[in-house]
Amino acid sequence: MPTRSTVTGMVVQEGPETGDPREPDDDEVARLFAAGDEQALAWAFERWAAAVHGMAVRAVGPGPDAEDITQQTFVSAWTGRNGYRPNRGPLAAWLVGICRHRIADAFAGRDRARRSAAAAATAARDLPATSSAPADSRVADRLLLLDELDRLEQPQRRIIELAFFEDLTHVQIAARTGLPLGTVKSHIRRTLERLRGRLEVDGALHA
């Protein structure tokens, strides 16, 4: 019967209870994982999800970002399993390597968001105080988008960050997050509708 992880949100099939003699050792799990056996994904998750999540927490702190990194690590490992070679190293080490890349991506995304916010704030601050011309619409839109991000919960926030700050397509976002493509599109559409509504209200107030 499927069980949902409270750490990553991934759905995996329960394997035999820990210590069951039928459960393979780490090397066999790695071989089955590389071969595309879904049960091996469940075993890998049971054995190494806590370690991966702990690594993410040490890097970015507890909360949604660490959970997102953990989910991305296992999704990336599973979708990219054809690139894993059991004879070149243990599966646990490969997962750690993927986790490091996902942590680097998270830091890069945060840095891009900070730079974007700083650039938008600087552009708005540098506008002539006596000018009768309205502020550049792109600057205003970016400031509103950043404010809107603060109102979002995960995974919506992560999806919008990937779309607007990393310029990923819907398909790329779905692959990165492990979410269904339709879910990604609906989250982006609803967020844009909220943003559009705020822009219309803001425009009316300043008309």
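Our subject is the structure listed above.
What comes next concerns the included structure. This one's a predicted model, so the numbers in the text were calculated from it and none came from an experiment. (Residues numbered from 1 in each chain as written. Predicted model: local features only at pLDDT ≥ 70, side-chain atom pairs only at ≥ 80, totals over all residues. Heavy atoms only, no water.)

1. Re the overall build of the protein chain
Thinking step 1. A tally of regular secondary structure across the protein chain gives 8 helices and 2 strands.
Thinking step 2. In the protein chain, the succession of helices and strands from N to C terminus is β-β-α-α-α-α-α-α-α-α.
Thinking step 3. Taken over 207 residues, the protein chain has a buried fraction of 36%.
Thinking step 4. By sequence separation, contacts in the protein chain at least 24 residues apart represent 54% of the contacts at least 6 residues apart.
Thinking step 5. Surface accessibility of the protein chain: about 12000 Å² in total, with carbon and sulfur atoms responsible for 53%. (Helix = DSSP H or I, 4+ residues; strand = E, 2+ residues; numbered from the N terminus. Buried < 20%, exposed > 50% of the residue type's maximum accessible area, 1.4 Å probe, protein only. Contact = heavy atoms within 4.5 Å. Areas by Shrake-Rupley, 256 points an atom, 1.4 Å probe, with all protein chains shown as cover.)

2. Side note on the nonpolar core
As a rule of thumb, soluble globular proteins bury nonpolar side chains together.
Thinking step 1. Phe33, Ile69, Phe74, Leu91 and Leu95 are the most contacted members of the largest nonpolar core, which totals 27 residues.
Thinking step 2. Looking at which element gives the most residues to this core, the answer is helix 2 (residues 38-60), with 11 residues.
Thinking step 3. Apart from residues lying up to four places away in sequence, leucine 91 is in contact with Val29, Ala30, Phe33, Ala44, Trp48 and Tyr84. (Core = buried A, V, L, I, M, F, W, Y, C linked by side-chain atoms within 4.5 Å.)

3. A short note on the side chain of arginine 158
Thinking step 1. Relative to the assigned elements, arginine 158 resides in helix 6 (residues 156-164).
Thinking step 2. Within the structure, arginine 158 has its side chain in polar contact with the side chain of aspartate 68 (distance 3.0 Å). (Polar contact = N/O pair within 3.5 Å; in protein donor to acceptor, adjacent residues only side chain to side chain.)

4. Some words on the pattern of salt bridges
Thinking step 1. Tallying each qualifying case throughout the model produces 5 salt bridges.
Thinking step 2. Each of Arg102, Asp105 and Arg176 takes part in a single network of salt bridges with overlapping partners. (Salt bridge = Lys/Arg side-chain N within 4 Å of Asp/Glu carboxyl O.)

5. A short note on the environment of leucine 162
Thinking step 1. Mapped onto the fold, leucine 162 is located in helix 6.
Thinking step 2. Judged by relative accessible area, leucine 162 falls into the buried class, the value being 0%.
Thinking step 3. Along the sequence, leucine 162 and glycine 109 sit 53 residues apart, while their C-alpha atoms lie 7.8 Å from each other.
Thinking step 4. Residues in contact with leucine 162, not counting those within four places in the same chain, are Asp167, Leu168, Ile173, Arg176 and Thr177.

6. As for the packing of aromatic side chains
Thinking step 1. With the rule as written, the count across this model stands at 3 aromatic pairs.
Thinking step 2. Relative to tryptophan 78, the ring of phenylalanine 33 has its centre 5.3 Å away and its plane inclined at 75°; by these criteria the two rings are edge-to-face. With phenylalanine 33 in helix 1 (residues 26-34) and tryptophan 78 in helix 3 (residues 64-79), this pair connects stretches of sequence that are 45 residues apart.
Thinking step 3. For tryptophan 78, a relative accessible area of 16% puts it in the buried group.
Thinking step 4. Aromatic pair tyrosine 84 and tryptophan 94: ring centres 5.0 Å apart, planes at 35°, arrangement tilted. Highlighted residues: tyrosine 84 in the loop between helix 3 and helix 4 (91-125) and tryptophan 94 in helix 4, separated in sequence by 10 residues. (Phe/Tyr/Trp six-rings, centres within 6.5 Å; stacked < 30°, edge-to-face > 60°.)

7. Points about the environment of arginine 81
Thinking step 1. Along the polypeptide, arginine 81 turns up in the loop between helix 3 and helix 4.
Thinking step 2. Since its relative accessible area comes to 23%, arginine 81 is described here as partly exposed.
Thinking step 3. Through-space distance from the C-alpha of arginine 81 to that of alanine 34 is 5.4 Å; in sequence the pair is 47 residues apart.
Thinking step 4. Each residue touching arginine 81, except ones within four places of it in the same chain, is listed here: Phe33, Ala34, Gly36 and Trp94.

8. Things to note about the packing of helix 1 against helix 2
Thinking step 1. For the pair helix 1 and helix 2, the least separation of the axes is 8 Å and the interaxial angle reads 135°. What the angle tells us is that helix 1 and helix 2 run oblique. The interaxial crossing formed by helix 1 with helix 2 has left-handed handedness. Taking contact as the criterion, the partners of Asp26, Val29, Leu32 and Phe33 in helix 1 are, on helix 2, Ala40, Leu41, Trp43, Ala44, Arg47 and Trp48.
Thinking step 2. Per-class residue counts for the contact of helix 1 with helix 2 are 8 nonpolar, no polar and 2 charged. (Axes fitted to C-alpha atoms, helices over the stretch in contact; angles between N-to-C directions. Parallel < 35°, antiparallel > 145°, perpendicular 65-115°, else oblique. Left-handed = near helix turned anticlockwise from the far one by under 90°. Nonpolar A, V, L, I, M, F, W, Y, C, P; charged D, E, K, R; others polar.)

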